[in-house]
Amino acid sequence: CPVTSPDRCNGWLSNRNAIYTPEDALSYAIERETPFCQATCPVSLDIRGYAGFIADGKFKEAYDLIREKVPFPGVLGRVCTHPCEDLCKRGLVDESISIAKLKRFVADHVYANYGEEIKLEPIPATKGKKVAIIGAGPAGLSAAYDLKTFGYDVTVFEKFPVVGGMMAVGIPEYRLPRATLEREIEFVRGVGVEIATGVEVDTDMFAELRRTYDATFISVGAHVSGNLGIPGEDLAGVIPGIDFLRALNLNLGDEVKIGKSVVVVGVWNVAIDAARSVLRLGS
């Protein structure tokens with residue numbers, strides 16, 4: 001009724017009830033929009049899709065759906081900054097869904113229960129073109145995985161003796177177990193990506209890569225600590241956080257000798273990782 005008083009409707013009211021099918025309503029209201037969580041995700045993961053699979057107990061299907069976009073579901077389930085959760089609509093009711101931990105759960109469940117069923121086969125290079133990737137961190141390995149699935153011949157060059165970039169040398173093992181990281185790196189290798197470690201690309205080698213490869217992807221990461229710009233930060237005993245974590249993860253004992261009393265300047269991920277690490281070292 002278009003007026004506030006029902007007795008003035010003059011025939012606008014009827015005894016009919018509104019009828020709709022939930023499936024049609026769901027299709028219109030949900031499937032035709034991009035959820036806020038998915039729109040916020042840097043790789044636009046189908047969060048609603050894999051959360052639904054998990055709710056139905058279809059854990060392998062949820063895992064496969066995640067892997068369509070990212071080769072590191074177990075890693076993301078532990079260290080992703082999950083901006084999706086900040087915009088989760090469930091937060092308007094009580095609290096956001098633990099979207100990152102859903103990835104962690106489903107990856108751990110699949111790795112523990114499916115074994116050979118998730119082993120990947122090499123993908124043939126059908127494009128006839130070669131791509132060189134400099135840096136075997138999350139960006140380089142993700143690019144390599146995607147390019148290989150598209151049919152390119154891909155080689156990754158990494159200057160460190162380990163693969164994974166900041167996943168391997170920046171995040172402590174207690175927060176990102178090496179077994180999880182190495183398993184997912186092996187999936188990248190499994191599709192046929194070649195990874196050469198201990199190779200630092202200098203000017204001459206870069207020029208050679210440009211000549212011998214059809215394309216070059218540079219993903220050298222951000223391995224430099226920020227400076228405070230104050231006197232004394234270059235004195236002995238002052239250790240940049242990223243340098244400290246890298247030395248610790250690479251087991252460079254001579255570079256991680258610290259005292260019994262330690263001050264950590266900063267409050268974000270590197271600072272907290274450094275603080276928890278020095279506690280484990282006995283400081």
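How each quantity is defined
Each chain carries its own residue numbering, running from 1 in the direction its sequence is written. Per-residue local features of the predicted model are confined to residues with pLDDT of at least 70, and side-chain atom pairs are confined, for both listing and counting, to 80 or more; whole-chain, interface and lining totals are unaffected and use all residues. Based on all heavy atoms of the structure, the side-chain values leave hydrogens and waters out of the count. Exposure above 30% relative accessible area and the absence of a salt bridge qualify a residue for a patch, where like charges join within 9 Å and nonpolar side chains (Val, Leu, Ile, Met, Phe, Trp, Tyr) within 5 Å. Methods summary: accessible areas were calculated by the Shrake-Rupley approach with a probe of 1.4 Å, and residue burial reflects only the protein chains presented. Salt-bridge detection follows one rule: a side-chain nitrogen of Lys or Arg within 4 Å of a carboxyl oxygen of Asp or Glu. To qualify as a helix, a DSSP run of H or I must reach at least 4 residues; to qualify as a strand, a run of E must reach at least 2; elements of each kind are numbered from the N terminus. One confidence number per residue, pLDDT, is output by the predictor and ranges from 0 to 100. Should any heavy atoms of two residues lie within 4.5 Å, those residues are considered in contact. The rule is simple: take the accessible area with a 1.4 Å probe, protein chains only, and divide by the maximum for that residue type; under 20% is buried, over 50% is exposed, in between is partly exposed. Whether two strands pair comes down to DSSP finding at least two bridges between them. Consider the strands pointing away from the viewer: the crossover is right-handed when the path from the first strand over the helix to the second runs clockwise. For helices, the fitted axis covers only the stretch in contact; all axes are lines through C-alpha atoms, and the angles between them, taken along N-to-C directions, range from 0 to 180 degrees. Every angle not falling under 35 degrees, over 145, or within 65 to 115 is termed oblique; those three ranges are roughly parallel, roughly antiparallel and roughly perpendicular. Should the near helix be turned anticlockwise from the far one by less than a right angle, the crossing is termed left-handed; should it be turned clockwise, right-handed. The classification used treats Ala, Val, Leu, Ile, Met, Phe, Trp, Tyr, Cys and Pro as nonpolar, Asp, Glu, Lys and Arg as charged, and all other residues, Gly among them, as polar.

**Some words on a nonpolar patch on the surface**
At step 1: Residues Leu228, Ile230, Val263 and Val265 make up a contiguous nonpolar surface patch of about 420 Å² in total accessible area.
At step 2: The residue Leu228 is located in the loop between β4 (215–218) and α11 (241–249) in this model.

**Side note on the confidence of the model for the chain**
At step 1: Averaged over every residue, the pLDDT of the chain is 86; residues scoring 70 or more account for 87%.
At step 2: pLDDT under 50 marks residues 1–9. Its contacts with residues more than four places away, or in other chains, come to seven contacts.
At step 3: Below pLDDT 50 for its whole length, residues 18–31 participates in five contacts with residues either more than four positions away or in separate chains.

**Quick notes on the pairing of strand β1 (residues 130–134)**
If a strand is regular, its side chains alternate between the two faces of the sheet.
At step 1: Most of β1 is tucked away, with four of its five residues classed as buried.
At step 2: Here five bridges tie β1 to strand β2 (residues 153–158), and the two strands are oriented parallel to one another. Across the sheet, Lys130 pairs through a bridge with Asp153, a residue of β2.
At step 3: Regarding topology, helix α7 (residues 138–149) serves as the crossover connection from β1 to the parallel β2, and that connection is right-handed.
At step 4: Sheet topology note: the β1/β4 ladder contains four bridges and is parallel.

**Concerning the pattern of salt bridges**
At step 1: Inspection of the entire model under this criterion finds seven salt bridges.
At step 2: Across the pair Asp64 and Lys60 runs a salt bridge, and its minimum N-O distance is 2.9 Å. Pair noted here: Asp64 and Lys60 are both in helix α4 (residues 59–67), with a separation of four residues, about one helical turn.
At step 3: Lys60 gets classed as buried once you look at its relative accessible area, which sits at 17%.
At step 4: With a shortest N-O distance of 2.5 Å, Glu208 and Arg211 are connected by a salt bridge. Remark: Arg211 and Glu208 occur in helix α10 (residues 203–212); sequence separation between them is three residues, near one turn of the helix.

**Focus: the packing of α4 against helix α6 (residues 99–113)**
At step 1: Two elements in contact, α4 and α6, have axes whose closest approach is 9 Å; the angle formed by their N-to-C orientations is 115°. It follows from the interaxial angle that α4 and α6 lie roughly perpendicular. The interaxial crossing formed by α4 with α6 has left-handed handedness. For the pair α4 and α6, contact is made by Phe59, Lys60, Ala62, Tyr63 and Ile66 and by Lys103, Phe105, Val106, Ala107, His109, Val110 and Tyr111, respectively.
At step 2: Residues belonging to the contact of α4 with α6 are distributed by class as follows: nine nonpolar, one polar and two charged.

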